[in-house]
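Analysis of the macromolecular model
If you want the building blocks of each chain, they are given just below.
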Amino acid sequence: MPTDSASTSYPFIKTRLTGIGWVNASGSGRGRCDRAPEWPGGTPAVPAAILKSLKGGSRFGRLDLFSQIGVAAIGLALQDAGHLQKQPAEKSDNNPQTDLNPATTGLICATTSSCSLTDHNFFNTVKDEPQLASPGLFVYTLATSFLGEAALRFSLTGLTMAVTEPRPQAADAICIAIEELTTGDDEIIVTGLCNLFNVDSKALQTSGALFLVLEKETGSETTPENRSYATLSCNPHTNVLYCNNQPCPDIFSLCKMICG
Amino acid sequence: MREVVIVRAEAVSALGDTRSETWKRLLARESAAAPVTHFDTSPYYCKSAATIADIACEDTDSSRLSLLLQKLFKSLPNRLPNSCKLIGSTLKGAIDQQEKVWRRSEISNPGNLSPGKSQPLPWEAAKYIADHFSLNQPGLIVNAACASSTIALSRAAGRIAAGFDDCILVWGAEIISEFVFAGFASIKALTPDCCRPFDKLRNGLILGEGAAALLLMSAEKAEETGSKPLARISGWGVANDAVHLTAPAADGHGLYEACHRALQRASLKPEDIAAINAHGTATIHNDKMEIAAFTKLFRKNGNQKKIPLHSIKGALGHTLGAAGALETTIAINSLQEQRLPPTVGLIQPEIEICNQVAPEIQPFSGKNLLLTNSGFGGVNAALILQRT
């Protein structure tokens, strides 16, 4: 059990980490199949197999890239946790279905870039011909549009929100997820980050989407897929995040601690 | 769980620079809808919005947002109580500033987007607020479409109720930019004439700009600091429709679930609710969805309880991420005075709620008010405010 100045007055709250999924410039992966993700420079892309499987659902091809990588990473994380009936790549027709009770699953995402590239693309249509501004782009000019896409694709009907952060870390988003699992209405929360930076920036190494599936501690780990990777805890007073009682500054180091 | 109270609530809207002025003009059935003058609306089928007249800054690189926030600061104390944190929401922050950068740019350069070079727009707005209060951290910035500040209030209430914090200032702020105006025009969500929430002839929303700030405390902290509670936040709930990216669920099941969760948290039954501040954007689908959700929520044993409800968006426009915070400040007045402001623009109410919504002031009697907001991505949020 970690100790810090707040531990005497505030109990640490704990959850199980059961799934990891990511999409970045090097491809995509899941915690149970792949090593911890590297974050090379370059524009992230959803691998064709994943894209094809998700394209069977409505509108995937219309999603902006920011949404595509976010939705795909969420799908991979849910699959890794054993909450998709089939791996997304194996689904070829309908939307992937989860075996979750949809009333209990929320989505909390951190973002630094938000959908800025889509904003810019949309505004170009406004500049060119205002009366023909693109509705198809406008609907993706919210940081949470892709969470809405993920919610309807995977039938997730809990809390849905994004938090803006100055640097990609996602520690606050993960702490909020842990808090919500303890004091809120949801039993499972998919949390992580999604970023798509300007291709000219030096922040490319952090472009991509990385999501975790967190679940309330129930003691009922019945299937191998439902094994926990780790226990995540948070001091809600200081918002310090811990992975198996070790302080963890951000989501990237957390994944390295778990996946090697 | 600890009791959560609101001890300060301030607002700047297109009807006034303070909560009391806005309230007074809402009661007088005024509408702030007027032709937009700070950008050219000639390409658009809609020309009007509820703008704030004296925050124009066309000739400089500054933003309407900073002028809007400066107005808000005038009603707030310069210092916040010790250990007070911030939770805020703005969907696009100073997007008008970014527009100017994009307009000047001949090449397809998205501008300053990389960390360390320039911060995200909502973060810069939050930092501006933190700097005003001499706080080191801008705090949490919530984005959940048009339910953003409602969820920000939920987050704050949840943390205080759980004992994680004692005092949180929740803010929401939104300006009208061509970016947002063109976007809502592109999806045909704007009305070319009058915004008529819950009216049979409604045909769209008007955008509004505004800002609000609410200081939340535990009851103990309020007593300790000698702060008089204006209202309690006794319940909150959030749920997603999971049916469509932009359209709400026709049967209102997500909103129903959000309200149900809020009632459960407050240990209340639907019949304990005395009044409703609805989202009421005046789009065909939103208002229909809300009517469906409220009808289901307040039906018991075949009988339909007719709870007075209203929407302020015919008067103040839709302030997007700031809507929940702004409407909460108005709801405090509603609870204190036991009357709902007129639903401006309403002529012919939808039949299902014809006895619940009115173009005049509606008196009510009771201590619990339900406030709801919904948004793109299927998000629904509900708060229950309680008279102190």
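Residues numbered from 1 in each chain as written. Chains lettered and ligands numbered in written order. Predicted model: local features only at pLDDT ≥ 70, side-chain atom pairs only at ≥ 80, totals over all residues. Heavy atoms only, no water.

Turning next to the overall build of chain A. When you go through chain A residue by residue, the secondary structure sums to seven helices and nine strands. Classification of the 260 residues of chain A by burial places 63% in the buried group. Sequence separation of at least 24 residues holds for 69% of the intrachain contacts in chain A that already meet a minimum separation of 6. On chain A, roughly 9100 Å² of surface is accessible, and the fraction owed to carbon and sulfur atoms is 47%. (Helix = DSSP H or I, 4+ residues; strand = E, 2+ residues; numbered from the N terminus. Buried < 20%, exposed > 50% of the residue type's maximum accessible area, 1.4 Å probe, protein only. Contact = heavy atoms within 4.5 Å. Areas by Shrake-Rupley, 256 points an atom, 1.4 Å probe, with all protein chains shown as cover.)

Moving on: empty space enclosed by the protein. Counted according to the given criterion, the structure contains four cavities of 30 Å³ or more. The computed volume of the largest cavity comes to approximately 200 Å³. Around the largest cavity, the lining is made up of 18 residues, and of these Glu180(A), Gly184(A), Ser154(B), Trp236(B) and Arg265(B) lie nearest the centre. Of all the elements, helix α5 (residues 148-161) of chain B adds the most residues to the lining of the largest cavity, at five residues. Grouping the constituent residues of the lining of the largest cavity by class yields five nonpolar, five polar and eight charged. Its boundaries defined by the atoms lining it, the second largest cavity holds a volume of some 120 Å³. Along its surface, the second largest cavity is lined by Phe138(A), Thr141(A), Leu142(A), Leu91(B), Lys92(B), Cys146(B), Val180(B), Phe184(B), Leu320(B) and Phe376(B). (1 Å grid on protein atoms, 1.4 Å probe; cavity = no way out; pocket = protein on both sides within 12 Å on 5 of 7 lines; lining within 4 Å. Points joined across faces, edges and corners; volume = space filled by probe spheres on them. Nonpolar A, V, L, I, M, F, W, Y, C, P; charged D, E, K, R; others polar.)

For the rest of this paragraph, the subject is the pairing of strand β7 (residues 230-235) of chain A. Residues and elements named next belong to chain A. Of all six residues that make up β7, five are buried, and the element is covered over most of its length. The sheet contact formed by β7 and strand β8 (residues 240-243) spans four bridges and is antiparallel. Note that in β8 the partner of Ser233 across the bridge is Tyr242. Adjacent in sequence and paired antiparallel, β7 and β8 are bridged by four residues, among which Asn239 carries a positive phi angle near 60 degrees. (Pairing = 2+ DSSP bridges.)

Next up on the list: the nonpolar core. By size, the foremost hydrophobic cluster in this structure holds 124 residues, and its most contacted members are Leu212(A), Ile151(B) and Leu216(B). For Leu212(A), the contacting residues outside a window of four places in its chain are Leu17(A), Gly19(A), Ile20(A), Ile174(A), Ile189(A), Val190(A), Thr191(A), Leu232(A), Ile251(A), Leu254(A) and Cys255(A). One finds Cys109(A), Tyr140(A), Ala49(B) and Ile95(B) within the second-largest nonpolar core, a separate group that totals 68 residues. (Core = buried A, V, L, I, M, F, W, Y, C linked by side-chain atoms within 4.5 Å.)

Of note, the phi angle at Asn239(A) is positive, near 60 degrees, even though the residue is not glycine. Looking at Asn239(A), the relative accessible area reads 26%, which means it is partly exposed. The phi torsion at Ser267(B) lies on the positive side, around 55 degrees, for a residue other than glycine. By secondary structure assignment, the location of Ser267(B) is in the loop between α8 (253-266) and β9 (275-277). Given a relative accessible area of 66%, Ser267(B) falls into the exposed group.

The next thing to look at is the interface of chain B and chain A. Counting residues at the interface gives 55 residues for chain B, matched by 58 residues for chain A. At the boundary of chain B with chain A, total buried surface from both sides reaches about 4800 Å², with 65% on carbon and sulfur atoms. Linking chain B to chain A there are six salt bridges. Taken together, the links from chain B to chain A amount to 15 residue pairs in polar contact (both at pLDDT 80 or more). Here the element with the most residues in the side of chain B that touches chain A is helix α6 (residues 178-186) of chain B; it accounts for seven residues. Residues of the side of chain B that touches chain A, tallied by class, amount to 31 nonpolar, 14 polar and 10 charged. Judged from the two bridges that link them, strand β4 (residues 160-164) of chain A and strand β5 (residues 140-143) of chain B form a sheet pairing that is antiparallel. (Buried area = accessible area lost by both parts, 1.4 Å probe. Salt bridge = Lys/Arg side-chain N within 4 Å of Asp/Glu carboxyl O. Polar contact = N/O pair within 3.5 Å; in protein donor to acceptor, adjacent residues only side chain to side chain.)

It is worth spelling out the pattern of salt bridges at this point. A full pass over the atoms with the stated rule returns 27 salt bridges over all chains. Notably, a salt bridge pairs Arg261(B) with Asp186(A), separated by 3.5 Å at the nearest N-O pair. Linking Arg261(B) in helix α8 with Asp186(A) in the loop between α6 (171-183) and β5 (188-195), this pair reaches from one chain into another. By the burial criterion, Arg261(B) is buried, and Asp186(A) matches it. Its salt-bridge partner being Asp165(B), residue Arg159(B) comes within 2.5 Å of it at the nearest N-O pair. Of the two residues, Arg159(B) and Asp165(B), neither departs from the other in class, the shared state being buried. It is possible to trace a salt-bridge network through shared partners that takes in Glu179(A), Glu180(A), Lys85(B), Arg155(B), Arg159(B) and Asp165(B).

This paragraph deals with helix α3 (residues 116-128) of chain A. Counted at 1.5 Å a residue, the expected span for α3(A) with its 13 residues is 18 Å, and the 18 Å between its end C-alpha atoms agrees. Extensive coverage of α3(A) is indicated by the burial of 10 of its 13 residues. Within α3(A) the residues assigned to the buried category are Ser116(A), Leu117(A), Thr118(A), Asp119(A), His120(A), Phe122(A), Phe123(A), Asn124(A), Thr125(A) and Val126(A). Where α3(A) is buried, its residues meet α4 (135-138) of chain A together with α3 (95-104) and α6 of chain B. (Expected span 1.5 Å × (residues − 1).)

Of the voids in this model, the largest pocket is the one considered here, and its volume is about 970 Å³. Taken together, 40 residues form the lining of the largest pocket, with Asp172(A), Asn239(A), Gln137(B), Gly139(B) and Leu140(B) sitting closest to its centre. Put simply, the parts of the chain that give the lining of the largest pocket at least two residues each are β4, α6 and β8 of chain A together with β4 (85-89) and α5 of chain B. Here the element with the most residues in the lining of the largest pocket is α6(A); it accounts for four residues. Reported here for the second largest pocket is a volume of approximately 530 Å³. Every residue lining the second largest pocket is counted, 28 residues in all, and those nearest its centre are Ala189(B), Thr246(B), Pro248(B), Thr283(B) and Phe376(B). For the lining of the second largest pocket, the elements supplying multiple residues, two or more each, are α9 (284-297), β15 (368-375) and β16 (379-387) of chain B. Among the residues forming the lining of the second largest pocket, the class breakdown is 13 nonpolar, 13 polar and two charged.

Turning our attention to the packing of helix α1 (residues 19-27) of chain B against helix α11 (residues 323-337) of chain B. Between two packed helices, the angle of one axis relative to the other and the distance separating the axes together describe the packing. All names here are of chain B. Contact pair α1 / α11: the axes reach a minimum separation of 10 Å and the direction vectors enclose 65 degrees. The orientation of α1 with respect to α11, classified from their angle, is roughly perpendicular. Relative to α11, α1 is oriented so that their crossing is right-handed. Seen from α1, the contacting residues are Arg19, Thr22, Trp23, Leu26 and Leu27; seen from α11, they are Thr329, Ile330, Ile332, Asn333, Ser334, Gln336 and Glu337. The residue inventory of the contact of α1 with α11, partitioned by class, reads five nonpolar, five polar and two charged. (Axes fitted to C-alpha atoms, helices over the stretch in contact; angles between N-to-C directions. Parallel < 35°, antiparallel > 145°, perpendicular 65-115°, else oblique. Left-handed = near helix turned anticlockwise from the far one by under 90°.)

Attention now goes to the side chain of Arg196(B). Residue and element names in this part refer to chain B. Tracing the sequence through the fold places Arg196 in the loop between α6 and β7 (210-218). Look at Arg196: it is buried, it has no salt bridge, and the nearest opposite charge is Asp193 at 5.1 Å. Within the local environment of Arg196, its side chain forms a polar contact with the backbone oxygen of Gly345, the two atoms lying 2.7 Å apart. Other than its neighbours up to four places away in sequence, Arg196 contacts Arg202, Ala282, Asp287, Gly345 and Ile347. (Lys, Arg positive; Asp, Glu negative; His and termini not counted.)

Turning next to the confidence of the model for chain B. Within chain B, residue pLDDT values average 93, and 95% of them lie at 70 or more. Note that residues 107-117 of chain B has pLDDT below 50 and, in this model, 27 contacts with residues that lie over four places away or in other chains. (pLDDT = per-residue confidence, 0-100.)

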